[in-house]
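# Fold and contact review
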Amino acid sequence: KQEWKNKTAVTEFILLGFGNGPELDSLLFLMFLSIYIVTVTGNTLIVMLMVTNRRLHTPMYFFLCNLACLEICYSSNVLPRMLLSYLGGDRSISVNGCFTQYYFFGCLAAAECCLLAVMSYDRYLAVCEPLHYPSRMNRTLCLHLAAASWISGFLSNSILTFLISNLDFCGPNEIEHFYCDSFPVIKLSCSDTRVTGLVTSVVAGVCSLPLFLLTFSSYLYIIMTIMRIPSATGRKKAFSTCSSHLIVVILFYWSILTVYVLPHRNSQISPNKIFSVFYTILTPLVNPLIYSLRNKEVKEALRKE
């Protein structure tokens, strides 16, 4: 402790990313720049379609529009800073900048869990209780569910950011990641991090596990209902209404659970970093592709535009 106190407080962190070298930096810059452009363009196109096409003014597409907006914010929180580091070679980020990035990352991740759960509930009502769907999933409820997803996401990460920002950082200051995430940052602290680590795990579990169970149970009921439909055509039509969302849910939860369920040891930091790419970069990229390629109404709206 005395040795830590004698050290100068850290004023900036170094995001190590995926390696060093001019050739590798140029390759990664071009790859992530292409991903960022496609992600923002694809999700912006989805938002424009939902707003301008009256046929898409339904609860499912309203929530999809919210998800697309969230994915734009999600990518913009991580990728621009990463692109600057590969372009100029400066991988430093101020302590306050790091905490700000972590705050918005955690908020948006929690909001996405909420939105995916809300979308699964919407599909459950549409498939399992179609007669009650118009009255239950009305405009007011849609607005309340979307607002609750965004607000709960931004509130849930406030306490974690407060706890992490009050830790002492005396060195080293190299973060073994491409963005500021909780466990890599906590690992660098020279304070007692047991309470912060425990609270982080508890809050993450409380925010994600019930939503995951709700999403899983909704699709379990959906699949059971679809299997009871007598005709193959009817089963195919019913499953097509939720298959796109199911693919997004599988991609998101598979990657995020892989990262946070694995023990946090030095030998597993690199795999965790790679799996983090799925839910921070690839999921926002594939969402517009999955919904546009697998959804008949979206494809028709694209042709008319």
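Our subject is the structure that appears above.
In this text the structure is predicted, and so the values were computed from the model without any measurement. (Residues numbered from 1 in each chain as written. Predicted model: local features only at pLDDT ≥ 70, side-chain atom pairs only at ≥ 80, totals over all residues. Heavy atoms only, no water.)

## Some thoughts on the state of the cysteines
Taken as a whole, this structure holds two disulfides when the rule is applied. Residue C98 pairs covalently with C180 via a disulfide, S to S 2.1 Å. Handedness here is read from the sign of the S-S torsion; for C98 and C180, about -125°, the answer is left-handed. Taken together, the residues C98 in helix α4 (residues 95-128) and C180 in the loop between β3 (174-175) and α8 (182-186) connect sequence positions 82 residues apart. Between the sulfur of C170 and that of C190 lies a disulfide, 2.1 Å long from S to S. On the S-S bond that ties C170 to C190, the torsion sits near 50°, and the link is right-handed. Within this pair, whereas C170 is found in the loop between α7 (158-165) and β3, its partner C190 is found in the loop between α8 and α9 (194-227), the two being separated by 20 residues in sequence. A residue is classified by how much of its surface remains accessible, and C190, at 7% relative accessible area, is buried. Taken N- to C-terminal, the disulfide-bonded cysteines of the protein are connected 1-3, 2-4. (Disulfide = S-S within 2.5 Å. Helix = DSSP H or I, 4+ residues; strand = E, 2+ residues; numbered from the N terminus. Buried < 20%, exposed > 50% of the residue type's maximum accessible area, 1.4 Å probe, protein only.)

## Concerning helix α6 (residues 139-156)
The periodicity of an α-helix, 3.6 residues per turn, causes residues three or four positions apart to be oriented the same way. In this model α6 runs 26 Å from its N-terminal to its C-terminal C-alpha over 18 residues, within 8% of the 26 Å that 1.5 Å per residue would give. Here α6 has its buried residues at C142, A146, S149, G153 and S156. For α6, the angular spread of the buried residues around the axis is 120°, confining them to a single face. Set apart from the buried face of α6 by more than 90 degrees, the exposed residues are R139, H144, I151 and L155. (Expected span 1.5 Å × (residues − 1). Arc of directions from axis to C-beta.)

## Focus on the side chain of E129
Tracing the sequence through the fold places E129 in the loop between α4 and α5 (133-136). Side-chain polar atoms of E129 contact the side chain of R136, separated by 2.5 Å. E129 has contacts with Y124 and R136, leaving out every residue within four places of it along the chain. (Polar contact = N/O pair within 3.5 Å; in protein donor to acceptor, adjacent residues only side chain to side chain. Contact = heavy atoms within 4.5 Å.)

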